[in-house]
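Descriptive analysis of the structure
One letter stands for each residue in the lines below.
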Amino acid sequence: MNLEGRKIIVNKSSSELAGMLKNPEDYKDLMPEGLQSFEAREDGFKFGLKGMPEIALKIDNVSDKEVVLKSASSSLDFALTGAMNPLNENQTEVQLLFEGKFNPFIKMMVEKPLQNFINSLTDKIEQL
């Protein structure tokens, strides 16, 4: 299952964004409304949103071109990538891409909430 967020322009350099996204604590500010729990860890974070189970993410890779977050749970196989394209010294185009391997039943249950989550994250990133 692949989902995409809309492309946005962020008024920060890609290296500035990458520096921020290396720090698990900084992800709390990007979480959507309805955040019920957030716990920063050494290599990632765990969060809970209203109406959804807690999700643990590991910061897998951060560069000036992309940020890759992967599921910290062995039972769920997915990655959320923030593709970053520097436009100039102070602006970066960002798009969130979700790739997950789910059975058809799970896909049916999670597709809409995940798309809403990606849209909400995109809105928060755009405000940086």
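Check the entry above for the structure.
First things first, this report covers the structure right here in the doc. (Residues numbered from 1 in each chain as written. Predicted model: local features only at pLDDT ≥ 70, side-chain atom pairs only at ≥ 80, totals over all residues. Heavy atoms only, no water.)

**Section: the overall build of the protein**
As a reminder of what qualifies: Helix and strand labels come from DSSP, where a helix needs a run of H or I of at least four residues and a strand needs a run of E of at least two; each type is numbered from the N terminus. Computation of the radius of gyration draws on C-alpha atoms alone. For the globule rule, the value is 2.2 Å times the number of residues to the power 0.38. A simple rule labels every residue: compare its accessible area, found with a 1.4 Å probe on the protein chains alone, to the largest value its type can have, and call it buried under 20%, exposed over 50%, or partly exposed in between.
What the protein contains, in helices and strands, is 2 helices and 8 strands. Reading the helices (α) and strands (β) of the protein from amino to carboxyl end gives β-β-α-β-β-β-β-β-β-α. Relative to the compact-globule value of 14 Å for 128 residues, the protein shows a C-alpha radius of gyration of 14 Å, a close match. Its C-alpha atoms give the protein principal-axis dimensions of roughly 45 × 25 × 25 Å. Out of the 128 residues in the protein, the part that is buried amounts to 39%.

**Description of the nonpolar core**
Cut-off, in case you're wondering: Residues grouped as a nonpolar core are buried Ala, Val, Leu, Ile, Met, Phe, Trp, Tyr and Cys residues, joined through side-chain atoms within 4.5 Å. Only heavy atoms matter for contacts: two residues are in contact if any of them lie within 4.5 Å across the pair.
Counting 33 residues, the largest nonpolar core has Tyr27, Phe45, Phe47, Leu69 and Phe98 as the members making the most contacts within it. Sorting the residues of this core by element identifies β2 (8-10), α1 (14-21), β4 (44-49), β5 (55-62), β6 (66-71), β7 (77-88), β8 (91-101) and α2 (104-126) as the ones contributing at least two each. Here Leu69 is in contact with Tyr27, Phe45, Leu57, Lys58, Ile59, Asp60, Phe78, Ala79 and Leu80, once residues within four sequence places are set aside.

**What about α2?**
The criterion, for reference: Expected span of a helix: the number of residues minus one, times 1.5 Å. What we call the bend at a residue is the angle made by axes fitted to the seven residues finishing there and the seven residues starting there. Distance and chemistry together define a polar contact, namely a pair of N or O atoms within 3.5 Å, with one atom able to donate a hydrogen and the other to accept it when in protein, and with adjacent residues in sequence counting only for side-chain atoms on both sides.
Given a rise of 1.5 Å per residue, 23 residues ought to cover 33 Å, and the 32 Å separating the end C-alpha atoms of α2 matches this to within 8%. In α2, a bend of some 40 degrees at Val110 exceeds every other bend along the element, and Pro113, a proline, comes one to four places later. Among the residues of α2, those classed as buried are Leu114, Phe117, Ile118, Leu121, Thr122 and Ile125. Elements that come into contact with the buried residues of α2 comprise β1 (2-4), β2, β4, β7 and β8. If you check the start of α2, you find a side-chain oxygen 3.0 Å away from the backbone N of Phe105, and it comes from Asn103.

**Quick look at α1**
An α-helix turns once every 3.6 residues. As a result, residues three or four positions apart point the same way. Quick note on the threshold: In this description, the arc belongs to the directions extending from the helix axis to the C-beta atoms.
Buried within α1 we find Ser14, Leu17, Ala18, Met20 and Leu21. End-on, the buried residues of α1 take up no more than an arc of 160 degrees, which puts them together on one face. Along its buried surface, α1 packs onto β2, β5, β6, β7 and β8.

**Side note on the pairing of strand β3 (residues 35-40)**
Put simply, the rule reads: DSSP-based pairing: two strands are paired if at least 2 bridges between them are found.
Looking at chain direction, β3 and β4 are connected through 5 bridges and run antiparallel. The partner of Glu39 across the bridge, within β4, is Lys46. From the end of β3 to the start of β4, which pair antiparallel, there are 3 residues.

**Observations regarding the pairing of β4**
Along β4, 5 of the 6 residues are buried, which leaves the element largely enclosed by surrounding structure. As paired strands, β4 and β5 are joined by 4 bridges and run antiparallel to one another. Residue pairing across strands places Phe47 opposite Ile55, the latter belonging to β5. Counted along the chain from β4 to the antiparallel partner β5, the turn is 5 residues long, and its residue Gly51 has a positive phi close to 80 degrees.

**Brief notes about the pattern of salt bridges**
Rule in force here: One side-chain nitrogen of Lys or Arg within 4 Å of one carboxyl oxygen of Asp or Glu is enough to make a salt bridge.
Applying the stated criterion to the full structure yields 7 salt bridges. Between Glu39 and Arg41 there is a salt bridge, and its shortest N-O distance comes to 3.6 Å. Of the charged contacts in the structure, one is a salt bridge between Asp77 and Lys101, with a shortest N-O distance of 3.8 Å. Note that Asp77 is positioned in strand β7 and Lys101 in strand β8, a separation of 24 residues in sequence.

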